[in-house]
Number of protein chains: 2
Amino acid sequence: SGSKSLSGHFSQGEPEIHRNPFGTNPPLSPQLLNSLTPEENTQCQHGLYFQDGERRVDYILTYHIKKPSSSRSNRQSSRFTDNPRGDPEVASQDHSMDYHEDDKRYRREEFEGNLRDMGLELEKDEDTKTPGVGFVKIHAPWHVLCREAEFMKLKMPTKKVYEVKQCSGVGAKINTLVNKATEPLHPNVEENRGQHVKHLSYAFSREKQHLFFFLPVGITSLLGSGVYTAAYPLHDVSTHCNQHLLYEEWASYSVFYKYQPIGLVRKYFGEKIGLYFAWLGLYTQMLIPASLVGVIVFLYGCATVDNNIPSMEICHPRNNITMCPLCDRACNYWKLKEACGTARASHLFDNPATVFFSIFMALWAAMFMEHWKRRQMRLNYEWDLTGFEEEEVSDHPRAEYELCVMQKSLKKEHKTQKVLISYSWVFTVIQLLLTEKEKLTCRDRLPAYMTNIVMMLLMIGVTFAIVFGVILYRISITAALHMSNNPTTRSNVRLMVKTTAAIINLVVILILDEVYGAVARWLTVLEVPKTDRSFEERLIFKTFVLKFVNAFTPIIYIAFFRGRLVGRPGSYLYVFESYRMEECAHGGCLMELCIQLSITMLGKQLIQNNLFEIGIPKLKKLIRYIKSKRRSFQEEEREKKLQRYETDHFLEPFAGLTPEYMEMIIQFGFVTLFVASFPLAPLFALLNNIIEIRLDAKKFVAELRRPVAARAKDIGIWYNLLRGVAKVAVIINAFVISFTSDFIPRLVYQYMYSPDGSMHGFVNHTMSYFNVSDFQDGKEPMDPHHLGYQVEMCRYKDYREPPWSNTPYVVSKEFWAVLAARLAFVIVFQNVVMLMSDIVDWLIPDIPKDISLQIHKEKILMVELFMKEEQGKMQFIDSMTPCDGKGRNNHAPIARSRSIPHTHSHTHANNF
Amino acid sequence: SGSKSLSGHFSQGEPEIHRNPFGTNPPLSPQLLNSLTPEENTQCQHGLYFQDGERRVDYILTYHIKKPSSSRSNRQSSRFTDNPRGDPEVASQDHSMDYHEDDKRYRREEFEGNLRDMGLELEKDEDTKTPGVGFVKIHAPWHVLCREAEFMKLKMPTKKVYEVKQCSGVGAKINTLVNKATEPLHPNVEENRGQHVKHLSYAFSREKQHLFFFLPVGITSLLGSGVYTAAYPLHDVSTHCNQHLLYEEWASYSVFYKYQPIGLVRKYFGEKIGLYFAWLGLYTQMLIPASLVGVIVFLYGCATVDNNIPSMEICHPRNNITMCPLCDRACNYWKLKEACGTARASHLFDNPATVFFSIFMALWAAMFMEHWKRRQMRLNYEWDLTGFEEEEVSDHPRAEYELCVMQKSLKKEHKTQKVLISYSWVFTVIQLLLTEKEKLTCRDRLPAYMTNIVMMLLMIGVTFAIVFGVILYRISITAALHMSNNPTTRSNVRLMVKTTAAIINLVVILILDEVYGAVARWLTVLEVPKTDRSFEERLIFKTFVLKFVNAFTPIIYIAFFRGRLVGRPGSYLYVFESYRMEECAHGGCLMELCIQLSITMLGKQLIQNNLFEIGIPKLKKLIRYIKSKRRSFQEEEREKKLQRYETDHFLEPFAGLTPEYMEMIIQFGFVTLFVASFPLAPLFALLNNIIEIRLDAKKFVAELRRPVAARAKDIGIWYNLLRGVAKVAVIINAFVISFTSDFIPRLVYQYMYSPDGSMHGFVNHTMSYFNVSDFQDGKEPMDPHHLGYQVEMCRYKDYREPPWSNTPYVVSKEFWAVLAARLAFVIVFQNVVMLMSDIVDWLIPDIPKDISLQIHKEKILMVELFMKEEQGKMQFIDSMTPCDGKGRNNHAPIARSRSIPHTHSHTHANNF
């Protein structure tokens, strides 16, 4: 019987359980593997099987061969190849291979020998249509898979089936209705039907990644040193197998409105990738209500813009307020009426509804985290991962780490010997030190750590410098354009400068993103982390910090610093003694924040996703197409007949999920961090993600080599990062509302200063007076009569004492009152929202009710099964021991099991 | 062989493993039970064994008997006792028992029959020296224990022993030194020696509380309805058994400086109580550094009191500031110099060191939580609980709940029938509803929930009312005493009023504490929670809320409201139109907060612990002693010869750990919540806890019936409550520092207003001017010339405009500036401390490094063992099946195991 599946894919066997030829085994023995029907065997033969057409290829190793030689590499060759005389061709070939190549071959053969010892079956193929590449096909026979499954404590579905409890009565009817209504949203995959029955599964034994998993572990160092060039399992391309179904029901834009067939994804790619897509799906789903509310909030802003008293006052024709010039000398006094458009636009994003919306989004984030915990729990249960514990200590140190340790101990030995010559009295001390097992200590790592810190600070400094550069650009261009005499140019100045600056920022962010990714990887390699897991975590952390700083520094500058470090007329703040710091437009900086946010977010998504992820692969294909045109027809024909493992060899290797998660978490940052200023962010994110899911799906199904299925219970460090972002979002939104928007000044005016409790007079209240005679020499406008009259007093937006007070131009009492109100709002907002999030966290149980009930039920069933099994076994032993010969036929299952002794004994033993 | 121990105590067998007579069994079969040596058997016979002196008493049930009858109750009697004629004595007795008694007896016999069916052995004793009480002694035989152990998936120590890795080299030497230094701190218990070796343990099977645990579950309803009066296991009083050791090395004040023998406590009382004492021990240990730093902070305050410029200025002989009167009419103008003492005392608790200290304590709390997580993990590992999962769904609904459900369904049926008569068309709908399993819905619970909410609000209202009453008391007494002419009385007025008010508060708190405990229980009973666990959680939550509100309302009033709702001279705030709100003494309310805190905390601890926990039991003993004097000598003598189960019957029943935890969590509140104002709180807590540990220990060992050992992995809801308190502490401390203390005004003065950057002039700056001519009629002092001169301006502590400004007496710019600074401090403090706590949380791994390494090692060893075992088994089956007769003697372990077939098969099977 042909066996299917490979490392980590054991659990695929679920539905085919009854097809197993050993189905008559004792009731609990799990049936790991599916058998393929004969039709299938003949159908998808293109390199999916060994030469005998029986054994399936489970894994591929490739290596570089100097010159393609006809299949002779199976021959055993020792390290020092003694060539048999009399075969001149071979001698000349071996001669051409240098010592280095020889060494690699030796190591390959050693490794392959190990694999054979472990029971794997290998087949070599150096005579393919791909010149220069040798393939090792690996097949894992049934008994090896069984052994491994046991060591990994995979939960296997048993034959015991039980009915998942269905709510009866009214609840059931509603449920049926809901199911019918959402029918078209479900993918056309069989797994969604007949979920009323579940196979009882039980863990074999403790989690232990062992033996077979030694393959990917041991292979990394061989891959690193170039002994092998690639290692991957094969895509499963038979017409009615999973890949095809995935292609139709998942990796297609035409099904964008449907749920993902997560179970199928997990079966084909393993739990780790399954969890990523499940997470992405839930996130996208959760974005629907968020973007709905966001759109409503935005529409509320649009609807109320005509009733907004402050902007009405600014736009009022009789409004005659003269404002102080926006730059030195070149700029003139201007009328507040000119800011009418900006003021009206500001209202769209700066109204009471945005306060509500940012509270809503904080709670949304808490809900999302909670829902994910529940979904994860549900998937853990459905995928039988509940008992699975991730290894606390990863076994295998990385090859680089071991190399480093070796170098260190060599150096130490050398030093010790030196020291011994000069100081014999320290001998004992050193002996003591040497008894400890060699490892990299803090001191060894100090240089790397120092480099890390310095480089990280440097990179962050670079980001700051670039942001500062953009500020200078903005200031100088504004000043320059103001000097132009063209009035239309001048009126469009602000918008143009803002937009170009935002685009420059975007481009810089995109470039630095790539640079920082590379820097983070380089720094992590420098650190020589001990295990792969530690490597990944350090890399993620560094990348996260750098990319976040990169994406959010310009936004934070606009939100919290811009317009605050301006100084006041008569004593403006200057950068480099000539650049006056920029002010915000009338109506707060919220408008500019909004522009910056939307450009960054949209730009990043459009360019990074669509250009990089869609465009570049398309471009590559085009190039390949053009190249193939040049080739001869024969060669092209040959390409079509490539074996499956050769086709897969030409695909991009799978580079891990880190970039996918990173992209999403930065998007999550855009959605939550500054949502108070940009209620449309969730909508943009939603639109992007609908494409993103199918894009990623296509990539995984068709453009990447099939990744090795990895097991995982959760999304690991990403969950913590999400939580961190959600926490920071609360405080940032509090500050945006209270400091960036005019929400608090309006409230303070209304309840403390307004004569009639309305907003009338607010605009006037927020502006201080300036006596133009107090301008410093050379800073006053060149053309004071620009407005047609002699200006004596001009106004500016700040809370300062008027020129006629005892203490002119110092901050006024109103300033402090508004500041106190702003700070009080931050405290109240932060604590209320945190409390509400905690309550949400507390109200929603982490484990869904039905799952916990089912787990409970399973436990009871399991105990019952044990009891029965136990009785059966006792009877068996009773009947066997007296040797009366009767027992043998009465206890067929155990007697029959002896035909596959090794495997079955394990299976049997591990049901308990 | 006699078997020891009972439900939940199985795991005691660890050290005696090799004594088991079946020691030659297969290597893995765990040896559950210890055998007692014959000497022991004869020594502690006083009711610890059945009549045969062989079978040990594991559990006791007691019941009430109307008249002591000679042991005839073992006789089978049916529900409707048909008395055999011809036995007039029995007839008359049975006659005297009413139907009710009969029913109880029937239910007892039914229950006992069930126990026997489960394999337990029972012995009845109604003929004891305790009249009116019947005893049922229960013995659990070995095979029953084994079966139960398996169902509970207890981790059993196997014979496989491995060495716990010792750090070698310098580390080891330091370790040895530390161990030697702390030698006297360890209790003289053997378990602390020889910890280098650990028995490899492995879980039997999945967690399932089953069968035997049905005993405590089923018994609750029987206890509730009075069928049985008590149910408890026996204390183990043989001289060299655990209780004795516990008594000497744990429950004694003379070992107060030693660590607790936690392993022994866990062995004797089970994991749940063990965890409580481990937690209490860690908490006490962690209080040592906290109280040290607290004392240092306090001493720093003492040392700097003479250099404190504000108090120097107040006490300066040339200080001539005239203050406005503290109450209407009766009080006079006074000199600020009079406040010298208070100002100096305030400095002790209101100096920059307290800011540092409250940050320190916030981090301390975070550290404590982290350390507890680690300790818990370590204990879980050492106690072999790592695989143990607590049941998500508690099986057994409480008897009260089931009663309620039954009543409901009866009522419904009744209603349904009624309805059916009138409306036959709703028949189907009701049928549909009835198919669902009956349970209590939200609507059924609504009345109880409403009562709960109303009562909780009412209780909280009562607390508020009492606090308000105390305020009124303080105001009125102050006014009355001020009117007295005696100058010494007047000068002592403030202190006296403060102290008496604090004592009244304390008394009220103590009384309400008891009331609230009862109310919370009553409310929870009203709610009819479904399971015991839910009952406990609801009860704890309610008690926690009520007791916390009770303990902290007066303190919160003083910290945040007192002195803030005063108004200003000329327009004071009045309560009931005549009571002027009280002010704080000069130097902030921090001093008064400190007095209130220390009195409440010390008083609560001294009275609740020492009086209630030590005094009352002593009193009870005294009463018993006096009573016994009256009795005849014979009876007293008889008492001495009481069986062990009779002695235990007279002990107090174990009432759960809730009161102990509650006491500690409220103390934790005192230690963390207001620590900014009272740095000595940790010291007081430490002193209290050193006594508390031993006090509780004594109580558990000698004064309570032995509790049923319960398994637990963690301290449950208490951990969340602790975390909650620690979180709230951060924000409360931020507010105490910024609003209650003068820290921020001092800083603002120093950096914004001080002419020379020093604190000189601060006192003057904080006080506003009042023109005495602006007093309302009838509110001015009766004796304006009291100070010897005509007062025109008096001063009061507030930031208000002077009488000569344009807007007299409105709050000044300084007020807003200080307010803004205060709020900014709260934001910065809260976020910085929260961030630091998160970093602490992140830096300290939850699982100690050595434990995770050991777990890893165990896993590897376990796999190796499996392999060997597996091979052995295969060989066994191989040799058995051909029936050549050789196998039997070669495979002694399995052959021998057949003498105890049921048990061993389980043990054997569950090693996998």
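Residues numbered from 1 in each chain as written. Chains lettered and ligands numbered in written order. Predicted model: local features only at pLDDT ≥ 70, side-chain atom pairs only at ≥ 80, totals over all residues. Heavy atoms only, no water.

Chain A is annotated in an unreviewed UniProt entry as Anoctamin from Oncorhynchus mykiss. As stated in UniProt under Sequence similarities (unreviewed entry), the record for chain A gives "Belongs to the anoctamin family." (UniProt positions renumbered as here; feature names shortened; annotations may be inferred.)

Novice: Any chance you could explain the overall build of chain A here in plain terms?
Specialist: If you tally the helices and strands in chain A, you get 30 helices and 14 strands. When each of the 912 residues of chain A is scored for burial, the buried share is 52%. Long-range pairs, those at least 24 residues apart, make up 81% of the contacts in chain A with a sequence separation of at least 6. Accessible surface for chain A amounts to roughly 43000 Å². Of this, 61% is attributable to carbon and sulfur atoms. (Helix = DSSP H or I, 4+ residues; strand = E, 2+ residues; numbered from the N terminus. Buried < 20%, exposed > 50% of the residue type's maximum accessible area, 1.4 Å probe, protein only. Contact = heavy atoms within 4.5 Å. Areas by Shrake-Rupley, 256 points an atom, 1.4 Å probe, with all protein chains shown as cover.)

Novice: It is not clear to me how the pattern of salt bridges should be interpreted in this structure. Could you clarify?
Specialist: Residues and elements named next belong to chain B. Per the counting criterion, the structure on display carries 34 salt bridges over all chains. Note that Asp 846 and Lys 373 form a salt bridge whose closest N and O atoms lie 3.4 Å from each other. Here the residue Asp 846 occupies a position in the loop between α26 (813-843) and α27 (849-880), and Lys 373 occupies one in helix α12 (residues 352-382), the gap between them amounting to 473 residues. The exposure class assigned to Asp 846 is partly exposed, which follows from its relative accessible area of 35%. Linking Arg 800 and Asp 798 is a salt bridge whose minimum nitrogen-to-oxygen distance equals 3.0 Å. Look at Asp 798 and you get buried, because its relative accessible area is 18%. (Salt bridge = Lys/Arg side-chain N within 4 Å of Asp/Glu carboxyl O.)

Novice: Where do I start with the nonpolar core in this structure?
Specialist: The nonpolar side chains of a soluble globular protein tend to be buried, and buried together. If you look at the biggest cluster of nonpolar residues, it comprises 235 residues, and the most contacted ones within it are Phe674(A) and Phe674(B). Leaving out residues up to four positions away in the same chain, Phe674(A) has contacts with Phe552(A), Ile555(A), Ile556(A), Ala559(A), Phe560(A), Leu593(A), Leu597(A), Gly669(A), Ile732(A), Asn733(A) and Val736(A). (Core = buried A, V, L, I, M, F, W, Y, C linked by side-chain atoms within 4.5 Å.)

Novice: Just checking my understanding: could you explain the state of the cysteines for this structure?
Specialist: Two cysteines, two sulfur atoms, one covalent bond between them: this is a disulfide. Residues and elements named next belong to chain A. With the rule as written, the count across this model stands at four disulfides over all chains. A sulfur-sulfur distance of 1.9 Å marks the disulfide that ties Cys 324 to Cys 794. Here Cys 324 and Cys 794 share a disulfide; its torsion about the S-S bond, 90°, makes the bridge right-handed. Note that Cys 324 is positioned in the loop between β7 (322-323) and β8 (334-335) and Cys 794 in strand β14 (residues 793-797), a separation of 470 residues in sequence. Here Cys 324 and Cys 794 have matching classes, each one buried. Counting only cysteine sulfurs, Cys 302 is the nearest neighbor of Cys 594, a cysteine outside any disulfide, at a range of 11 Å. Cys 594 sits in the buried class, given a relative accessible area of 4%. (Disulfide = S-S within 2.5 Å.)

Novice: Looking at this model, I keep getting lost on the sheet that holds strand β1 (residues 59-64) of chain B. Mind explaining?
Specialist: Sheet strands line up and pair through hydrogen bonds in the backbone, either parallel or antiparallel. Residues and elements named next belong to chain B. Judged by pairing direction, the sheet is antiparallel, and its four strands sit side by side in the order β2-β3-β1-β6 without closing on themselves. Looking along the sheet, the strands with just one partner apiece sit at the ends: β2 (121-125) and β6 (230-232). Geometrically, the sheet is characterised by an average inter-axis angle of 15° between neighbouring strands, direction not taken into account. As paired strands, β1 and β6 are joined by three bridges and run antiparallel to one another. Bridged to Thr 62 within β6 is Ala 230. Packed onto the sheet, helix α3 (residues 99-117) meets β1, β2 and β3 (133-139) and runs at close to 165° relative to β1. (Pairing = 2+ DSSP bridges. Axes fitted to C-alpha atoms, helices over the stretch in contact; angles between N-to-C directions.)

Novice: Mind showing me how you'd approach the sheet that holds strand β1 (residues 59-64) of chain A here?
Specialist: Residue and element names in this part refer to chain A. Taken in spatial order, the four strands make up an open sheet running β2-β3-β1-β6, and their pairing is antiparallel. Two strands bound the open sheet, and with one partner strand each, they are β2 (121-125) and β6 (230-232). For this sheet, the mean angle separating the axes of adjacent strands, direction not counted, is 15°.

Novice: I'm lost on unusual backbone geometry in this one. Help?
Specialist: The general pattern is negative phi for most residues beyond glycine and trans for most peptide bonds. Phi angles above zero are rare outside glycine, and Val528(A) is one such case at about 50°. Looking at the secondary structure, you find Val528(A) in the loop between α16 (487-527) and α17 (532-561).

Novice: Looking at this structure, how should I read the packing of aromatic side chains?
Specialist: We describe a pair of aromatic rings using the distance from one ring centre to the other and the angle between the two ring planes. Counted according to the given criterion, the structure contains 73 aromatic pairs over all chains. Both rings, one in Phe743(A) and one in Phe825(A), keep their centres 5.9 Å apart while their planes meet at 65°; by these two values the pair is edge-to-face. Of the two residues, Phe743(A) is situated in helix α24 (residues 743-753) and Phe825(A) in helix α26 (residues 813-843); the sequence distance between them amounts to 82 residues. Just as Phe743(A) is buried, Phe825(A) falls in that class too. An angle of 40° between the planes, with centres 5.5 Å apart, marks the rings of Tyr283(B) and Phe368(B) as tilted. With Tyr283(B) in helix α9 (residues 271-304) and Phe368(B) in helix α12, the pair connects residues that are 85 residues apart, well separated along the chain. Above the face of the Tyr574(B) ring, Lys779(B) is positioned so that its terminal group lies 4.2 Å from the ring centre. Over the ring of Tyr769(B) we find Arg795(B), and its NZ or CZ is 3.9 Å from the ring centre. (Phe/Tyr/Trp six-rings, centres within 6.5 Å; stacked < 30°, edge-to-face > 60°. Lys NZ or Arg CZ within 6 Å of the ring centre and 35° of its normal.)

Novice: Any chance you could explain α12(B) here in plain terms?
Specialist: Residues lying three or four places apart along an α-helix face the same way, a consequence of the helix completing one turn every 3.6 residues. All names here are of chain B. The terminal C-alpha atoms of α12 lie 44 Å apart, and with 31 residues this matches the ideal 45 Å at 1.5 Å per residue to within 8%. Its side-chain oxygen 2.9 Å from the backbone nitrogen of Ala 353, Asn 351 forms the N-cap of α12. A positive phi of about 60° marks Asp 384, the residue just after α12. (Expected span 1.5 Å × (residues − 1). Polar contact = N/O pair within 3.5 Å; in protein donor to acceptor, adjacent residues only side chain to side chain.)

Novice: What am I meant to see in the UniProt feature "transmembrane region" (unreviewed entry) in chain A here?
Specialist: Cross-referencing UniProt, the feature "transmembrane region" (unreviewed entry) maps to residues 276-300, 353-369, 454-475, 495-519, 539-560 and 668-691 of chain A in the present numbering. Secondary structure within residues 539-560 of chain A divides into 100% helix and 0% strand; the distance between the first and last C-alpha atoms comes to 30 Å.

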